[in-house]
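# Architecture at a glance
Single-letter residue listing:
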Amino acid sequence: MMKKGLALLLTLCLLLIPGCSSKKENVIKIVDGRVTEQKLVHRMIKMLVEDRTDLTVSIGEEMTAVNAYNEMKKRVYDVYMSYDGTVLTTFLHRDPSEVPAGSTLFDYTNGLFQEQDKLVMVNKLGLDNTYAVAVPKEIQSKYNLKTITDLVAVAPDLVFSAEHEFFDDEGTMKFDPFTTFYGLTFKNTRPVDLSLKYSTMESGNADVTVAYATDGRNKKVQLQILEDDQHFFPEYNGVIVVQEDLFERVKAIAPDLEATLHLLDNIFTNESMTDLSYQVDIEEKNLDDVARQFLVDQGLLK
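What counts and how
- Residues numbered from 1 in each chain as written.
- Predicted model: local features only at pLDDT ≥ 70, side-chain atom pairs only at ≥ 80, totals over all residues.
- Heavy atoms only, no water.
- 1 Å grid on protein atoms, 1.4 Å probe; cavity = no way out; pocket = protein on both sides within 12 Å on 5 of 7 lines; lining within 4 Å.
- Points joined across faces, edges and corners; volume = space filled by probe spheres on them.
- Helix = DSSP H or I, 4+ residues; strand = E, 2+ residues; numbered from the N terminus.
- Nonpolar A, V, L, I, M, F, W, Y, C, P; charged D, E, K, R; others polar.
- Domains from an automatic or database assignment.
- Phe/Tyr/Trp six-rings, centres within 6.5 Å; stacked < 30°, edge-to-face > 60°.
- Buried < 20%, exposed > 50% of the residue type's maximum accessible area, 1.4 Å probe, protein only.
- Core = buried A, V, L, I, M, F, W, Y, C linked by side-chain atoms within 4.5 Å.
- Contact = heavy atoms within 4.5 Å.
- Buried area = accessible area lost by both parts, 1.4 Å probe.
- Salt bridge = Lys/Arg side-chain N within 4 Å of Asp/Glu carboxyl O.
- Polar contact = N/O pair within 3.5 Å; in protein donor to acceptor, adjacent residues only side chain to side chain.

### Thoughts on empty space enclosed by the protein
To find the voids left in a structure, one rolls a probe of water-molecule size over its atoms. Enumeration according to the criterion identifies 4 cavities of 30 Å³ or more in this entry. The calculated volume of the largest cavity comes to roughly 380 Å³. Along the walls of the largest cavity sit 23 residues, with V35, A65, Y131, E165 and Y212 positioned nearest its centre. With 3 residues, the top contributor of residues to the lining of the largest cavity is strand β3 (residues 79-83). Partitioned by chemical class, the residues of the lining of the largest cavity number 11 nonpolar, 7 polar and 5 charged. Domain assignment of the residues forming the lining of the largest cavity places at least three in each of domain 1 (27-129 + 235-298) and domain 2 (131-226). In this structure, the second largest cavity spans a volume of roughly 50 Å³. When residues of the lining of the second largest cavity are traced back to their parent elements, those giving at least two are α2 (36-52) and α13 (270-281). Residues of the lining of the second largest cavity, tallied by class, amount to 2 nonpolar, 5 polar and 4 charged. Structurally, the lining of the second largest cavity is a two-domain feature, drawing no fewer than three residues from each of domain 1 (27-129 + 235-298) and domain 2 (131-226).

In structure tokens, the structure reads:
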């Protein structure tokens, strides 16, 4: 009777408690992001890995960067596309000024990341999706804005809007540090859901926002990017993050997994990723179709 009770308890543990079960060696799990380019890269990873190895790839639910990071730390997921600037400032709560002379932000961050969280940035994808402060054309023309410093004098007349995550206190590159650094005081702030940010700008309910450099919707809304003339925002090189032991864990059935992920090394430019995102967000093309066609065009899939 006791053995049956223990067996039942074990079964419940395996079914109900994340991380309690041992990972299936032939399945790797990706935690999905909220940004279109993350979704595209995740689907490209799935297509390449399933084409070139015996692994099955599962793409999980969409999460904010911080929630995805927390799930990776708990080892619920194996893979995630992020940015080295996000890892350094949002996940590790460090500042770019701490990067030692002679070291790159990527290398310095990767060492800290592996030491603290047993997570590794495998590669750079070639794109730098840094934060970009942007205004509509009419606002740029009205105030003759070219740089973020130009905003200082007119900010009291303007409303700043961005996604909720930009206003939280997770990291050193968010709203409060940014406005303090530049000495900006806006008339009002308007936090919105990420999906509503661009419609808020189009409708005239906000005058200034923070965008991502490779977001295809910048082109549709015709936002004008202001120069970060005092260099507040660091690089945000797109990277693939994996569990430190992932390649060792699956090497018996997928010895080429690491090499497969390296097929995406520097494969994008800011222009090419902007175009891919535009196809999904503005032209409403299917994510999988856009991802697959890009890989075919690159000669990585038939």
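Now, onward.
### Focus: the packing of aromatic side chains
Evaluated as defined, the whole model comprises 20 aromatic pairs. Ring plane angle 5° and centroid distance 4.3 Å describe the contact between Y69 and F91, whose orientation is recorded as stacked. Of this pair, Y69 sits in helix α3 (residues 65-73) while F91 is found in helix α4 (residues 84-91), placing the two residues 22 residues apart along the sequence. Here Y69 falls in the buried class, since its relative accessible area comes to 5%. Of the residues examined, F91 reaches a relative accessible area of 4% and is grouped as buried.

### Some details on the nonpolar core
The tendency in soluble globular proteins is for nonpolar side chains to be buried as a group. Counting residues in hydrophobic clusters, the biggest one holds 66 residues, and the most contacted among them are L151, F178, L257 and F268. The biggest single contributor to this core is α2, with 7 residues. Here F178 is in contact with V133, I148, F160, F166, L184, F232 and F233, once residues within four sequence places are set aside. If you look at the next biggest cluster of nonpolar residues, it comprises 22 residues, including Y69, Y80, L88 and M121.

### Side note on the domain arrangement of the chain
Splitting the chain by domain gives domain 1 (27-129 + 235-298) and domain 2 (131-226). Taken over C-alpha atoms, the centre of domain 1 sits 26 Å from the centre of domain 2. Domain 1 puts 20 residues into the contact, and the matching count from domain 2 is 17 residues. Summed over both sides, the interface between domain 1 and domain 2 buries roughly 1,700 Å², with carbon and sulfur atoms accounting for 58% of that surface. There are 3 salt bridges connecting domain 1 and domain 2. Of the charged contacts, one joins E165 and R34 as a salt bridge, the two residues approaching to 2.7 Å between their closest N and O atoms. Those elements giving two or more residues to the side of domain 1 that touches domain 2 turn out to be α4 and α13. Broken down by element, the residue count for the side of domain 1 that touches domain 2 peaks at 6 residues, all from α13. A per-class count over the side of domain 1 that touches domain 2 returns 6 nonpolar, 8 polar and 6 charged.

### Focus: the side chain of T274
Inspection of the secondary structure assignment puts T274 in helix α13. Using a relative accessible area of 15% as the deciding quantity, one classes T274 as buried. At a separation of 2.7 Å, a polar atom in the side chain of T274 contacts the main-chain carbonyl oxygen of N270. With sequence-adjacent residues up to four places away left out, T274 is seen in contact with A213, T214, D215 and G216.

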